[in-house]
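Given next are the chains, with one letter for each unit.
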Amino acid sequence: MSFIPGHPVTAVVQRIEIHKLRDGDNLILGFSIGGGIDQDPGQNPFSEDKTDKGIYVTRVSKGGPAEVAGLRMGDKIMQVNGWDMTMVTHDQARKKLTKKNEDVVRLLVTRKSLETVVRQSMMQH
Amino acid sequence: MNKTAKSTCDSDRQSKKVKTSHGSTQGTQGQKADVKGCAAGKDACSPGPERSSESSHTMQKRSQKEAKSTRSDSPSSQQHLMKTSPAEDEKGFYFFQKCKHWNEPHSLGDADLYRDEDEIQKELQDKQQTESVAAGEAQSSVSAAEDLQTYSQREWKGNTTKSLLIRKGYETIASEFKLRRVRGDNYCALRATLFQVLSQSKQLPAWLRDSDIREWPKETQSDQDFIKEWKFPFETSKSKVRHLEQCLERLKQRWEESVQCRSLEQRERLCQEVFRVHDEEYELLEALKFLMLRTAIHLHSDMEKGSDVPEFCWLLFARDSSRCPKTFFTNHLRHVGFSGGLEQVEMCLLGYSLQQTMQVVRLYKCETEEFIIYYPNDHKKDWPTLCLLTEDDRHYNVLVSQNSSKFDEYGRPKWNLPSDGQPSKTTRL
C-alpha cells in the first residue's frame, strides 16, 4: 500500500546547485524536463496527481552536472534561481534553465520520500 | 518471537474479538445463506443486489445449480449442497446474533424507492444470467478481475451509514487494486489465500523447500492421535493420513509450478486449472488446514516449554473452546470449510504456517486504525505479502495490485499513453 488514509504523504525538499558544463558553444546541464501548463499532465509517470502540470525531471544523464549536483529523475522543479516553475509553459521552463549568461542554476525541487521511491522500484519485481 | 509491549493493544483488541465471536466460528457462513433466503421475502430489504455477499451467494447458488446439472453424482456436487444447508452443530441463538444485515434497510436509496418491483427483479435476473453465462463458460471459484468502484457502487446502493462507510473504503483503495471475487463459502479465507499464493509466489518458502512435507501427517499422527477425525469434503478410499499426504504433495507440486511460471498468462492458466471447484482444489485447501494444525501443535508445545511464541498464540489457546491443539482441532479447525470460517486469530495462524503476511483491507473498519491489518504483523519485512479484502471479517475476496509501478522491468520510466495521440514534450538541457 502506498498510502494509509489520514497519514500525510512525505515529501523531501532539496536545493540543487547545478554547475553547467561548457561544451563548445553549448552549456550542458545533463538532464531533461517534461511537463508545463501547456502540456498533457496525464502522461507524466512521476506525478501523484495526474492533473499536476508542473515541470518534472524525466531523465538525468549519467555523470552529468545534474546528477553530480544531486538531481534525480522524477524530481519536480519548483523554482529556478528564484523563478517559480509551477505555473509555466514547457518553453518558459526551458528558457529559465538555459540562460547563456548563467553558469550556475539553483533549483528548488521536491521529491517523494526516498522510501516510497525505493519501494516502488522494488514493486515491479 | 518476542512479545513486545507495542502489541499489547492489538492483543486486547483481538482478544475482545475472539471472546465475543468465538461461538460464531460454527456456521456463520452457512447462516448467511439462510438469512439471504429469508430476507428476499421481506419488503424492506428489497431483492435488489445491495451487498457483496449477494453476488457471492449468487455465485454459490449458481455453482450449486451448475453442479447439479453437470455432475449429478460426483462427491463435490453433494458438497455444494452440504455447504448451503443449515450448519451442523449450530446453536440456534447465534443465528440472530450474527445476522449482520437483518435489520439493515439496504436499498432505501432514492433509486429503488421509485423503481418498479418488476424492474428490480429484471435487473437481478439479468445479473444472474450474465453471471451464469460466465460460469457456464468456465466454472471458477475465483472470478476475473473487476474494478472496485464499479463493484462497490453496484453492491452498496443506498445511503445508510454502513453503505457510505463501505463505499468509502472501496474508494480509498480503488486506484491501488482490482477485485477478484472468491466463492462465498466457508473455505473463502483459505481459498483467497491459496489463490494469492499461487498467483504471486516468486519462491518457495523455507519450510516447503527444506523439508519433505509428505512425512508430516505420519509424524503428527504418531504424536497426537486425532488425524483419524479429519473431515474431508470429498470421499476417500485411502486412510486419512495417506490422503493428507497426497494433499500436501499436491500443494508442493502446485506451489513449485507457480514459482516456475514465466509470465502472467502462465500463472493465470495455472490458477484457472486449480480453482475450478474440483477435488484438487479441496485437497489443496485441506493441506492448508493441516499445515495450520501442525503449526498450532508446535506453537502450543513451545508455549508449554516456556519458549517465546508469537503474540497470537496466547489468544489462539485462550479460548475456552480451544485450550490445546486437540480441542482447537475438534472444535474449530475440523469444521473450517464446512460450518465455519477462520477467525482473525486463525488468520494469523494461517499466515504464520505458510510464512506469508496477509495484508487484509477491512472495509467496515474504514477510517479507523484497523482498516488495514496484518496477519501476522511481525514479519511484514521478511515474508511475502498477500493482499485480501473483507467487508466484515467473514467473507474474503482477493485484491490484485494495479500495475501502478512507474518503471518497467528494466527500470525505465513508463510513460502513460497520451490522451490525444500527441506525446508530451521533453527537452534535453
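Let me sum up the structure you'll find in this document. (Residues numbered from 1 in each chain as written. Chains lettered and ligands numbered in written order. Predicted model: local features only at pLDDT ≥ 70, side-chain atom pairs only at ≥ 80, totals over all residues. Heavy atoms only, no water.)

### A word on the packing of aromatic side chains
Residues and elements named next belong to chain B. Scanning all chains against the criterion turns up 12 aromatic pairs over all chains. Judged by centre distance (5.8 Å) and plane angle (65°), the ring pair of Tyr151 and Tyr170 falls under edge-to-face. Of this pair, Tyr151 sits in helix α8 (residues 148-155) while Tyr170 is found in helix α9 (residues 161-173), placing the two residues 19 residues apart along the sequence. For Tyr151, a relative accessible area of 0% puts it in the buried group. We classify Tyr170 as buried; its relative accessible area is 0%. Consider the rings of Trp230 and Phe232, whose centres lie 6.5 Å apart with planes at 40°: the pair is tilted. On the basis of relative accessibility, which here comes to 2%, the residue Trp230 falls in the buried class. Phe232 sits in the buried class, given a relative accessible area of 12%. (Phe/Tyr/Trp six-rings, centres within 6.5 Å; stacked < 30°, edge-to-face > 60°. Helix = DSSP H or I, 4+ residues; strand = E, 2+ residues; numbered from the N terminus. Buried < 20%, exposed > 50% of the residue type's maximum accessible area, 1.4 Å probe, protein only.)

### So, unusual backbone geometry
In this structure, the amide linkage connecting B:Tyr375 to the following residue, B:Pro376, adopts the cis form with an omega of -15°. For B:Pro376, the position within the fold is in the loop between β3 (372-375) and β4 (385-390). Its identity as a non-glycine residue notwithstanding, A:Asn81 has a phi of 50°, on the positive side. By secondary structure assignment, the location of A:Asn81 is in the loop between β6 (76-80) and β7 (83-84). A:Asn81 sits in the partly exposed class, given a relative accessible area of 28%. In this structure, B:Val277 is a non-glycine residue whose phi angle is positive, near 55°. Along the chain, the position of B:Val277 falls in the loop between α14 (264-274) and α15 (279-305). Given a relative accessible area of 1%, B:Val277 falls into the buried group.

### Focus on the sheet that holds β4(B)
Residues and elements named next belong to chain B. The five strands are arranged β1-β5-β4-β2-β3 in an open sheet whose pairing can be described as mixed. The sheet is open, and its two borders are formed by β1 (177-180) and β3, each paired with just one other strand. Strand after strand, the sheet turns through a mean of 35° between neighbouring axes, direction not considered. Relative to β3, strand β2 (residues 357-362) runs antiparallel, the two sharing four bridges. Following the sheet pairing, Met358 is matched in β3 by Tyr375. On top of the sheet, helix α18 (residues 344-354) reaches β2, β3, β4 and β5 (396-401); it is set at about 55° to β3, its chief contact. (Pairing = 2+ DSSP bridges. Axes fitted to C-alpha atoms, helices over the stretch in contact; angles between N-to-C directions. Contact = heavy atoms within 4.5 Å.)

### Digging into the environment of B:Trp216
All names here are of chain B. If you trace the backbone, Trp216 turns up in helix α12 (residues 216-223). We classify Trp216 as buried; its relative accessible area is 8%. Each C-alpha atom of the pair Trp216 and Glu245 lies 7.6 Å from the other, and the pair is 29 residues apart in sequence. Ignoring sequence-local partners within four residues, the contact set of Trp216 consists of Trp207, Ser211, Phe290, Leu291 and Arg294.

### Some remarks on α8(B)
All names here are of chain B. All buried positions along α8 are accounted for by Leu148, Tyr151, Ser152 and Glu155. Take α8 and look down its axis: the buried residues cluster within an arc of 95°, on one side only. The opening residue of α8, the one whose side-chain oxygen lies 3.4 Å from the backbone nitrogen of Gln149, is Asp147. (Arc of directions from axis to C-beta. Polar contact = N/O pair within 3.5 Å; in protein donor to acceptor, adjacent residues only side chain to side chain.)

### A closer look at the packing of α12(B) against α15(B)
Residue and element names in this part refer to chain B. At a closest axis distance of 11 Å, the pairing of α12 and α15 adopts a crossing angle of 45°. As far as their axial angle goes, α15 and α12 are oblique. The hand of the α12/α15 crossing is left-handed. Residues Trp216, Pro217, Glu219 and Thr220 of α12 pack against Phe290, Leu291, Arg294 and Ile297 of α15. Each residue belonging to the contact of α12 with α15 can be placed in one class, and the counts come to five nonpolar, one polar and two charged. (Parallel < 35°, antiparallel > 145°, perpendicular 65-115°, else oblique. Left-handed = near helix turned anticlockwise from the far one by under 90°. Nonpolar A, V, L, I, M, F, W, Y, C, P; charged D, E, K, R; others polar.)

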